[in-house]
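Chain residues, written in single-letter form:
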Amino acid sequence: QVQLVESGGGLVQAGGSLRLACAASGRTFSSYAMGWFRQAPGKEREFVAGISRSGGPIYYADSVKGRFTISRDNAKNTVSLQMNSLKPEDTAIYYCAANWVATMTVPFSAQKYDYWGQGTQVTVSS
């Protein structure tokens, strides 16, 4: 069982930055691939970034590549998402998710993830 708690959301102007953090409970955090997803009103939940259980490989959605950076600290049971050059279209609720995996794979599909946080709102004003 893993519990995930996100923090760091808020309101920011276009071009600004935010750093999201996700704290995980449990002693097997390093057994999970971690992902960040987002869901805007009226839209489906979409993959933003993912990181393998060891910290590599890392994947990003094309829409955030070059602007967002995912990282994890297995000693502290945390995964972070640094978001720079934010755009109004980045406005959404952001969720972190955990997928138990025995390999270095990172799922892109939300259906593959076993545990989810409650989400944190990110609003980017124009």
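All of these numbers come straight from a predicted model, not from anything done at the bench.

### Some points on the overall build of the protein chain
Tallying secondary structure elements over the protein chain gives zero helices and 11 strands in all. Computed over its C-alpha atoms, the radius of gyration of the protein chain comes to 13 Å, within 12% of the 14 Å expected for a compact globule of 126 residues. Its C-alpha atoms put the protein chain at 40 × 25 × 25 Å along the principal axes. Relative to its 126 residues, the protein chain shows a buried fraction of 43%. Expressed as a percentage of contacts within the protein chain between residues at least 6 apart in sequence, the contacts between residues at least 24 apart total 60%. Here the protein chain displays about 6,400 Å² of accessible surface, and carbon together with sulfur accounts for 50% of that area. Distance from the positive charge centre (12 side chains) to the negative charge centre (8 side chains) of the protein chain: 6 Å.

### Comments concerning the state of the cysteines
On inspection of all chains with the given rule, the structure shows one disulfide. Residue Cys-22 pairs covalently with Cys-96 via a disulfide, S to S 2.0 Å. Across the S-S bond of Cys-22 and Cys-96 the torsion is about 45°, and the bridge reads as right-handed. Residue Cys-22 is located in strand E3 (residues 18-24), and its partner Cys-96 is located in strand E9 (residues 92-100); the two are separated by 74 residues in the primary sequence. Each member of the pair, Cys-22 as well as Cys-96, carries the same accessibility label: buried.

### Observations regarding the pattern of salt bridges
Within the structure shown, the criterion is met by four salt bridges. For Arg-38, the salt bridge goes to Glu-46, with nearest N and O atoms at 2.6 Å. A relative accessible area of 35% places Glu-46 in the partly exposed class. Three or more residues joined by partner-sharing salt bridges are found here, namely Arg-38, Glu-46, Arg-67 and Asp-90.

Cut-offs applied
Residues numbered from 1 in each chain as written. Predicted model: local features only at pLDDT ≥ 70, side-chain atom pairs only at ≥ 80, totals over all residues. Heavy atoms only, no water. Helix = DSSP H or I, 4+ residues; strand = E, 2+ residues; numbered from the N terminus. Rg over C-alpha atoms; globule rule 2.2 N^0.38 Å. Buried < 20%, exposed > 50% of the residue type's maximum accessible area, 1.4 Å probe, protein only. Contact = heavy atoms within 4.5 Å. Areas by Shrake-Rupley, 256 points an atom, 1.4 Å probe, with all protein chains shown as cover. Lys, Arg positive; Asp, Glu negative; His and termini not counted. Charge placed at Lys NZ, Arg CZ, Asp CG, Glu CD. Disulfide = S-S within 2.5 Å. Salt bridge = Lys/Arg side-chain N within 4 Å of Asp/Glu carboxyl O.

All quantities given are derived from atomic positions and should not be read as evidence of function.
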